[in-house]
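Letter by letter, the chains look like this.
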Amino acid sequence: MTDYTAKLQALRAHLAEVSLLNGISAALYWDQMTYMPRGGAAVRSKQLAYLSQQTHARFTDPALGKLLDDLMPYAESLPADSDDAALIRVTHREYQRAVKVPAELVAAIAQHTSETYQVWTEARPANDFSRLQPYLEQTLNLSYRYAECFAPYDHVADPLIDAADYGMKADDIKALFSQLRAALVPLAQAITDQAPADDTFLHQHYPSEDIERFTTDVIKRFGYDFERGRLDKTAHPFAVRLNSGDVRITTRYPENTLSDPLFSTLHEAGHAMYEQGIKADYEGTPLAAGTSAGVHESQSRLWENVVGRSYAFWQYFYPHLLSIFPRQLNGISLDQFYRAVNKVERSLIRTEADEVTYNLHVMIRFDLELQLLEGTLRIADLPEAWHARYQADLGVRAPDDRDGVLQDVHWYGMLIGGAFQSYTLGNILAAQFYAKALSEHPEIPDEIGRGEFSTLHSWLRENIYQHGSKYTAPELIARTVGKLDVTPYLTYLRQKYGALYRL
Ligand code: ZN
């Protein structure tokens, strides 16, 4: 027993060092994406690459593997929901995954994706896919090599999907998506057959400091803790955990839009509240992180959409918004505003898409990824395949590649595969978690209508946030809502948009 105690202590000490390295990388990353002068870029990439190598080396240290092997029988002797058992089990699983990928491949992926990202930042504004084509061909090679480390698999995308959404395979996602698609296509059709909502008043000058004053008030009320976080400006909004006492969010203020900064801030606050809500005891271990990309996304989209685009929410907050922007919103009623922030349209840009069509954007990317990995689509043919799918699925065609295949950073900053399914899993799970919280606390919508969120926030902290990575996504889903199911999401969409569009 004491032998196990000493080993557990050694495990914690080893992991604390890995966690320090991760926290340092996160601080440097945050700085790079916010206030670092351009001149710092070259050396900063080297610093981050160096730290990621050090972290990988510490985490794949055979001494850690030995400790974990020694501790596994102890973990199995503990109750399944013991924190110590979870720490050993989760670390063992992540260790097994990490040692399968050779250090040389980890370094090659880090270097190649960071170079590709740099090229993308120039090639996208220049609308020049040809510059990226050789880089993407190499990315696809590296994606194969990564997948090969986990052979045998059913589908070459499975290891890439599993890395983001543990327990999911390409076939599971395909089945889920086809079920969803069968319901979403007619819903989107019925809505877009009608006259579009007027949202022109959202597209005018809204001073960024006034937007920030409003969003800061909203996310404080949500439960985002500014004593353990802060809000800054960036080009591409993100949330980042430096440690349990410091989880930051960023947003952007493009010209002439209210929706973009407003809803991205609520979105990132959702990610950050998840990280802030993890049990403080888990600090310094792999348990101190959201459990999967899909579950993480469910938390951001719950606050952004299910709460932030609800009628009850705006019943309370619209008068506040009106008092901040009396000129811009002059003569606009609550109902008009509510319709505008829930406008459904066949559009080109995923991140700006409404709740009804959003998943159709995701499915296009997911299918194209699979085709690339299966070898049925060549990189050279990707731009045209993108246009063809947008034409077929959404009835729109981007005028160029900038808003076509070059639109999203994912393929240009990561491997190809496993990057997009999490968004749709997040939408489905957000509706499931919210429906569950409502069944236990039917007073939640009334509270939202009074600008109060503590019952919802407490339910999420209790059932999801605090656990961090203690439970895998399938375990967490089993404990809270049973199983992944599109029904609550479709019910939510049909009720909300049925009322909005009198379907
Ligand atoms: Zn997100």
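Residues numbered from 1 in each chain as written. Predicted model: local features only at pLDDT ≥ 70, side-chain atom pairs only at ≥ 80, totals over all residues. Heavy atoms only, no water.

### Considering the packing of helix H9 (residues 208-222) against helix H10 (residues 259-276)
Two elements in contact, H9 and H10, have axes separated by 10 Å at closest approach and are oriented at 30°. Our classification of the angle between H9 and H10 gives roughly parallel. Regarding H9 and H10, the two cross each other, and that crossing is right-handed. Note on element contacts: H10 touches H9 through Pro261, Leu262, Thr265, Leu266, Ala269 and Met273, opposite Ile211, Phe214, Thr215, Val218, Ile219 and Phe222. (Axes fitted to C-alpha atoms, helices over the stretch in contact; angles between N-to-C directions. Helix = DSSP H or I, 4+ residues; strand = E, 2+ residues; numbered from the N terminus. Parallel < 35°, antiparallel > 145°, perpendicular 65-115°, else oblique. Left-handed = near helix turned anticlockwise from the far one by under 90°. Contact = heavy atoms within 4.5 Å.)

### Regarding the pairing of strand S3 (residues 246-251)
For a regular strand, side chains alternate in direction, first toward one face of the sheet and then toward the other. In terms of residue burial, S3 counts as a mostly covered element, since six of its six residues are buried. Alternating positions in S3 separate into two faces, Asp246, Arg248 and Thr250 on one and Val247, Ile249 and Thr251 on the other, with burial throughout. Sheet analysis places strand S1 (residues 231-233) next to S3, joined by three bridges and oriented parallel. Paired with Lys233 across the two strands is Thr251, which belongs to S3. The pairing of strand S2 (residues 239-243) with S3 spans four bridges and is classified as antiparallel. Each residue of the ladder has a partner; that of Asn243, found in S3, is Asp246. In textbook terms, the turn of a hairpin is the stretch between consecutive antiparallel strands, and for S2 and S3 this stretch comprises two residues. (Buried < 20%, exposed > 50% of the residue type's maximum accessible area, 1.4 Å probe, protein only. Pairing = 2+ DSSP bridges.)

### Re the coordination of the zinc ion
Donor atoms from the polypeptide that coordinate the zinc ion comprise His267 (NE2), His271 (NE2) and Glu297 (OE), at 2.1 to 2.3 Å from the metal. The sequence motif formed by the donor residues of the zinc ion is H-x3-H-x25-E. In this pair, His267 is assigned in helix H10 and Glu297 in helix H11 (residues 293-307), connecting sequence segments 30 residues apart. The class for Glu297 is buried, based on a relative accessible area of 7%. (Donors = N, O, S within 2.8 Å, 3.2 Å for Na, K, Ca; no water.)

### Topic: the domain arrangement of the chain
Where interface size is given, it is often the accessible area lost as the parts come together that is meant. Taken domain by domain, the chain holds domain 1 (3-135) and domain 2 (170-501). Each of domain 1 and domain 2 has a C-alpha centre, and the two are 26 Å apart. Contacts between domain 1 and domain 2 engage 35 residues on the former and 39 residues on the latter. Carbon and sulfur atoms make up 65% of the surface buried where domain 1 meets domain 2, a total of about 3000 Å² over both sides. If you look at where domain 1 meets domain 2, you find three salt bridges. Linking domain 1 to domain 2 there are 14 residue pairs in polar contact (both at pLDDT 80 or more). Sorting the residues of the side of domain 1 that touches domain 2 by element identifies helix H1 (2-34), helix H4 (83-100), helix H5 (103-123) and helix H6 (129-148) as the ones contributing at least two each. It is H1 that contributes the most residues to the side of domain 1 that touches domain 2, 11 residues altogether. Across the side of domain 1 that touches domain 2, the residue classes break down as 18 nonpolar, nine polar and eight charged. (Domains from an automatic or database assignment. Buried area = accessible area lost by both parts, 1.4 Å probe. Salt bridge = Lys/Arg side-chain N within 4 Å of Asp/Glu carboxyl O. Polar contact = N/O pair within 3.5 Å; in protein donor to acceptor, adjacent residues only side chain to side chain. Nonpolar A, V, L, I, M, F, W, Y, C, P; charged D, E, K, R; others polar.)

### Structural notes on the nonpolar core
Within the largest apolar cluster, 130 residues are counted, with the highest numbers of intra-cluster contacts made by Phe222, Phe313, Trp314, Phe337 and Trp411. Dropping the residues within four chain positions of it, Trp314 is found in contact with Phe214, Leu262, Phe263, Gly308, Arg309, Pro319, Leu321, Leu334, Phe337 and Val341. (Core = buried A, V, L, I, M, F, W, Y, C linked by side-chain atoms within 4.5 Å.)

### Some thoughts on the pattern of salt bridges
Applying the stated criterion across every chain yields a total of 37 salt bridges. Between Lys496 and Glu355 there is a salt bridge, and its shortest N-O distance comes to 2.8 Å. Highlighted residues: Lys496 in helix H21 (residues 487-500) and Glu355 in the loop between helix H13 (334-341) and helix H14 (358-374), separated in sequence by 141 residues. Accessibility expressed as a relative area gives 7% for Glu355, which makes it buried. A salt bridge links Glu384 to Arg397; the shortest N-O distance between them is 3.3 Å.

### Focus: the environment of His112
By the secondary structure assignment, His112 is in helix H5. As for His112 and Gln138, which are separated by 26 residues in sequence, their C-alpha atoms are 8.2 Å apart. Excluding anything up to four places from it in sequence, His112 contacts Tyr135, Gln138, Thr139 and Leu142.

### Quick notes on the environment of Leu136
Looking at where Leu136 falls in the secondary structure, it is placed in helix H6. Exposure remark for Leu136: the relative accessible area of 0% places this residue in the buried category. Separated by 24 residues in the primary sequence, Leu136 and His112 have C-alpha atoms spaced 9.8 Å apart.

### Description of the packing of aromatic side chains
Under the definition given, this model contains 31 aromatic pairs. Look at Phe59 and Tyr95: their rings are 6.5 Å apart centre to centre, the planes differ by 70°, and that puts the pair in the edge-to-face class. Taken together, the residues Phe59 in helix H2 (residues 41-59) and Tyr95 in helix H4 connect sequence positions 36 residues apart. On the basis of relative accessibility, which here comes to 12%, the residue Phe59 falls in the buried class. We classify Tyr95 as buried; its relative accessible area is 9%. (Phe/Tyr/Trp six-rings, centres within 6.5 Å; stacked < 30°, edge-to-face > 60°.)

### Re the sheet that holds S3
The pairing of strands in a sheet comes from backbone hydrogen bonds and takes either a parallel or an antiparallel form. Sheet architecture is open: three strands sit in the order S1-S3-S2, paired in mixed fashion. Because the sheet does not close on itself, it has two edges, and the strands there are S1 and S2. Here the average twist between neighbouring strands, direction ignored, is 30°. Where H10 meets the sheet, it contacts S1, S2 and S3, and its direction lies at approximately 165° from that of S3.

### Things to note about the side chain of Asp401
Looking at where Asp401 falls in the secondary structure, it is placed in the loop between helix H15 (382-394) and helix H16 (410-413). Of the side chains with opposite charge, Arg397 comes closest to the buried, unpaired Asp401, at an N-O distance of 7.1 Å. With sequence-adjacent residues up to four places away left out, Asp401 is seen in contact with Asn127, Phe129, Pro383, His387, Leu406 and Gln407. (Lys, Arg positive; Asp, Glu negative; His and termini not counted.)

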